[in-house]
Amino acid sequence: MKMYKKNIRNSFILSLLILILVALINFIIDPYKQYGLNSLNPYFLNSRYLNPGLIKSFSYDTIIAGSSYSENFLTKEIDKALGLKSLKVTSLGATAFENKSVMSLALKKEKVKVIILELNPGSLRGDKQRIHSIIKTLPTYLYDDNIFNDYKYLLNFDVLYSENIRAIAANFFGFNEIISNIEFAYYWADGVSFSEENLLNELENLKVYKSQIDTKKVSNNSKLQLLKHSFDFNVLQLIKDYPNTKFIIFHPPFSIVAFKWLDARNQLDEHLNFKRYIFESTKKYKNVSLYDFQIEKNITHNLDNYLDTHHYSNLVSSWMIKQIKNETFLVNQDTIDIYINSLKTQIQEYDINMLLEK
Amino acid sequence: MLFNSYEFIFVFLPITFFIYFYLNHKRLTEASKGFLVCSSLFFYSWWNVAYLPIILASMVFNYVIGKKLNKTSKDKRKGFSKKSILIFGIIFNLSLLGYFKYADFLIENFNLAFDSNAELLQLALPLAISFFTFQQIAYLVDSYKQETKEYNFLNYALFVTFFPQLIAGPIVHHKEMMPQFAKTRNKVKNYRNIAMGLFIFSIGLFKKVVIADTFALWVTQGFDVATTLNLFEAWATSLSYTFQLYFDFSGYTDMAIGLALLFNIKLPVNFNSPYKATNIQDFWRRWHMTLSRFLRNYVYIPLGGNKKGEFRTYNNLLATFLIGGLWHGAGWTFVFWGFLHGIALMVQRFWSKLGFKLWTWIAWLITFNFINIAWVFFRAKEWDDAIKVLKGMVGLEETGKFTFFLFEINKYDSLLVCFIFFISIFIVFFTKNSIEQLQHYKPSKKNQILLGFCLSFGIIGLSRTSSFLYFNF
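Conventions adopted
- Residues numbered from 1 in each chain as written.
- Chains lettered and ligands numbered in written order.
- Predicted model: local features only at pLDDT ≥ 70, side-chain atom pairs only at ≥ 80, totals over all residues.
- Heavy atoms only, no water.
- Axes fitted to C-alpha atoms, helices over the stretch in contact; angles between N-to-C directions.
- Helix = DSSP H or I, 4+ residues; strand = E, 2+ residues; numbered from the N terminus.
- Parallel < 35°, antiparallel > 145°, perpendicular 65-115°, else oblique.
- Left-handed = near helix turned anticlockwise from the far one by under 90°.
- Contact = heavy atoms within 4.5 Å.
- Nonpolar A, V, L, I, M, F, W, Y, C, P; charged D, E, K, R; others polar.
- Core = buried A, V, L, I, M, F, W, Y, C linked by side-chain atoms within 4.5 Å.
- Buried < 20%, exposed > 50% of the residue type's maximum accessible area, 1.4 Å probe, protein only.
- Salt bridge = Lys/Arg side-chain N within 4 Å of Asp/Glu carboxyl O.
- Buried area = accessible area lost by both parts, 1.4 Å probe.
- Polar contact = N/O pair within 3.5 Å; in protein donor to acceptor, adjacent residues only side chain to side chain.
- Pairing = 2+ DSSP bridges.
- Patch = residues over 30% accessible without salt bridge, like charges linked within 9 Å, V, L, I, M, F, W, Y side chains within 5 Å.
- Areas by Shrake-Rupley, 256 points an atom, 1.4 Å probe, with all protein chains shown as cover.

Participant: Sorry if this is basic, but what is going on with the packing of helix α3 (residues 52-71) of chain B against helix α6 (residues 153-161) of chain B here?
Facilitator: Axes are the key here: two packed helices are described by the angle between their axes and the distance separating the axes. Residues and elements named next belong to chain B. Packing of α3 against α6 leaves a shortest axis separation of 10 Å and a crossing angle of 125 degrees. Comparing their axes, α6 and α3 come out oblique. Between α3 and α6 lies a crossing of right-handed hand. Of α6, the residues touching α3 (which contributes Met59, Val60, Asn62 and Tyr63) are Phe153, Tyr156, Ala157, Val160 and Thr161. Across the contact of α3 with α6, the residue classes tally to seven nonpolar, two polar and no charged.

Okay, here's the thing in structure tokens:
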């Protein structure tokens, strides 16, 4: 019996030593930048884990939140055009609640002058606290300052293996250097080509267009209601709570095909009503500038700007920055009806069959 | 509460362990049992306290019925016959399971068949209901056959709720559990059992959180994210799942066995190197053995087994496996998986009747491939996902150029998956399994180091990151 007791004790001691060693390694490399900047550049890949660390460790006066539609913004361009010091904390497929999480953390940590936020209706769908289905849960232990839950970071298997190796490989061996450059954080436009052909392929491959027209008949008020709830909870509340922070929010310029698609699924009215709701609920707040880029035909009708029906090129991102600088496409009492009607007319007039026959 | 969680390992388990043995040390045996039942119920309620009444009701009901069965003699002089009490008991258990697990499945199919629009109930499935239902049905049948009896509710509650086996088995029998709880010798801490229990628990934890959860990276990408898979990707996806499931489930069972050993209770073996099987029957004698035991004793044999002629035997095999499939999940993919295994058993039976014999390694290859393909249906959330993977596996999705989507997703993670693949092949096919290791356990240096290593990496594996890395928009 004594021997077994001693054995158990030895094994426990060994475990403890391994755990301490691992925590130490993770603490020193700190791939998610939870403990300030060290000599290793961050590796911009697993954004939901890295973003809170960026927010804690970098200095900035502006943050950019959103999904893949915002990842090709270059902070340099924004800083130059608007005279700011910006930090990009976007995530692939970010939901509204995920955006809120990064915005809230930044607003608590730093004096944030400006928040640039993409309003992608997809992100606002579903439950107001929805997390991306593949992610399932946000690593909330990274989104706070409580050191007592840091064990989930310091004793994390994937941090120990993948994240540390990535950080070391990128910094010392030059692999994937661009992914470690903060100027290009989360930028994906380099490896892909934007062309009408791509978009047509997508339509062809998915063969969804027609089937969507036939089957999805339902779109109802309850979904609009959910969108509104989500907007109030994830965006409007922050606008109210931080009157000294300017919120630049924008409707991203999806291609006209995306809107035809929306129409085919009977979701166009919902979309337009939601856009109107966003304007109505934010118009009284002086700290909001709302932009609508969905009506510029030069952009949305030129399908060579697109990777697929929704994802536009980096040139379009740069174009948006210019518009924000010049304050064009600003939604206000004078323009709201014009913009909404214009989009509606464009969609009605656009002949999708011509495209499908190509 | 899950075994692979901080709250279980660092709070629940140590507290329960020490108080249980402290109460026993003070000779408060009944109190110690009561304590173990209460903590098991707490363990169960951690997930959702709303389902506590369900398990309690199920327990009280089955205890009463069991008692009635024990007391009623075979001839029915007064009241209901013994058989009708048993049937009533079984129907109650199945109704409870049916309501929570299969109601929506039935409604969906009803809607589909009659083009109607009946509202789904959207009930959350009470944790472990499939397991405690089967366990208690077995208890009723055993009571009916006078093979076991229980006149003490506390004992009965302990049999049902004992937390190591509550959530996912092994499915235990009353007659194999209660004598162990009754033994005085089992009421004192036994360091040999503790060492062995921690050993197998740590191996199980490692299998679950390090090995299985690493395979999950490719499985999720292949099944849920990718739209098409080429030959190589599709095989990598399906084999990853085949390994993931084994390491996940057998790891979980190892943990259960280890936890029970801490309390000096021996749970039945549930996995015995299933992928070493050389035919399907052999596989079912090695995979989820306590479920196979249940299905054999309480479904297949009551249906007539192989005693009622060749035709009925084939029928019974198929029926048993259709039920087995449905038990695993309320969906047609599960039924189809059961169907495939049923058919395979029929084919095997027919084949062996003809007297043919295969070389062992060919037999193994066929068996393993069949199991691997059948798991595709088990895992797929939709038919389309299963078809996608299978199409890829037969090379119907070749695009001409060699891509490896799974690999490109995340090179370093994929390197780890490859590494784990090699290790797993070695572990699964060429080493003694954890139970065999346990049977020959010696307090050697090697085992001490293995325990320390598995435990620490098991703890590190409790926290992993889930990444959404989808470069193909």
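From this point, things continue past the structure.
Participant: Please explain the packing of helix α9 (residues 191-225) of chain B against helix α18 (residues 411-430) of chain B as it appears in this structure.
Facilitator: All names here are of chain B. Orientation of α9 relative to α18, taken along the N-to-C sense of each, is 130 degrees, at an axis distance of 9 Å. Looking at the two axes, α9 sits oblique to α18. As for how α9 packs across α18, the hand of that crossing is left-handed. Each of Val210, Ile211, Thr214, Phe215, Leu217 and Trp218 in α9 lies in contact with α18, whose residues at this interface are Asp413, Ser414, Leu416, Val417, Cys418, Ile420, Phe421, Ser424 and Ile427. Along the lines of polarity and charge, the residues of the contact of α9 with α18 split into eleven nonpolar, three polar and one charged.

Participant: Sorry, what's going on with the nonpolar core here?
Facilitator: Here is a general trend for soluble globular proteins: nonpolar side chains tend to be buried in one another's company. Within the largest apolar cluster, 156 residues are counted, with the highest numbers of intra-cluster contacts made by B:Phe8, B:Phe263, B:Tyr275, B:Trp287 and B:Trp375. For this core, the element with the most residues is α9(B), which contributes 18 residues. What B:Phe263 contacts, discounting residues up to four positions off in sequence, is B:Thr16, B:Phe17, B:Tyr20, B:Phe21, B:Leu36, B:Phe162, B:Phe163 and B:Asn186. Counting 92 residues, the second-largest nonpolar core is a separate cluster that includes A:Val159, A:Val316, A:Leu343 and A:Ile352.

Participant: Sorry if this is basic, but what is going on with the pattern of salt bridges here?
Facilitator: Any two side chains of opposite charge can pair, so long as their charged atoms come close to each other. If you walk through the whole model with that rule in mind, you get 24 salt bridges over all chains. Among the salt bridges present, the one from A:Lys76 reaches A:Glu183, with a minimum N-O distance of 3.4 Å. Here A:Glu183 lies in the loop between α7 (157-172) and α8 (196-206) and A:Lys76 lies in helix α3 (residues 75-82), a separation of 107 residues in the sequence. With its nearest N and O atoms 3.9 Å apart, the salt bridge here joins B:Lys388 to B:Asp385. Separated by three residues within a single helix, B:Lys388 and B:Asp385 lie in helix α16 (residues 383-393), roughly one turn from each other. We note that B:Lys388, like B:Asp385, is buried. Within the structure, one salt-bridge network assembled from shared partners comprises B:Asp142, B:Glu147 and B:Lys175.

Participant: Please clarify how the interface of chain B and chain A should be interpreted in this entry.
Facilitator: Think of interface size as the accessible area that goes away when the parts come together; that is how it is often given. With 38 residues of chain B at the contact, the number on the chain A side is 45 residues. Between chain B and chain A lies a buried interface of about 3900 Å² when both sides are counted; carbon and sulfur atoms form 69% of it. Counting every contact that joins chain B to chain A gives one salt bridge. A:Asp158 is the salt-bridge partner of B:Arg464, the closest N and O atoms lying 2.9 Å from each other. Here chain B and chain A share eleven residue pairs in polar contact (both at pLDDT 80 or more) between them. Elements supplying a minimum of two residues to the side of chain B that touches chain A: α9, α18 and α20 (445-460) of chain B. Among the elements that take part in the side of chain B that touches chain A, α20(B) stands out by supplying ten residues, more than any other. Looking at the side of chain B that touches chain A residue by residue, the classes come out as 24 nonpolar, eleven polar and three charged.

Participant: Help me understand the pairing of strand β4 (residues 246-251) of chain A in this model?
Facilitator: In summary, the side chains of a regular strand alternate between the two faces of the sheet. Residues and elements named next belong to chain A. Of all six residues that make up β4, five are buried, and the element is covered over most of its length. Of the strand pairs in this sheet, β4 and strand β5 (residues 288-292) are connected by five bridges, and their pairing is parallel. By the bridge assignment for β5, Ile248 is matched with Ser289.

Participant: What is the right way to look at a nonpolar patch on the surface in this model?
Facilitator: On the surface, B:Phe419, B:Phe422, B:Ile423, B:Ile425, B:Phe426, B:Ile427 and B:Phe430 cluster together to form a nonpolar patch covering roughly 720 Å² of accessible area. Along the chain, B:Ile423 falls in helix α18.

These figures come from the coordinates and say nothing about function on their own.
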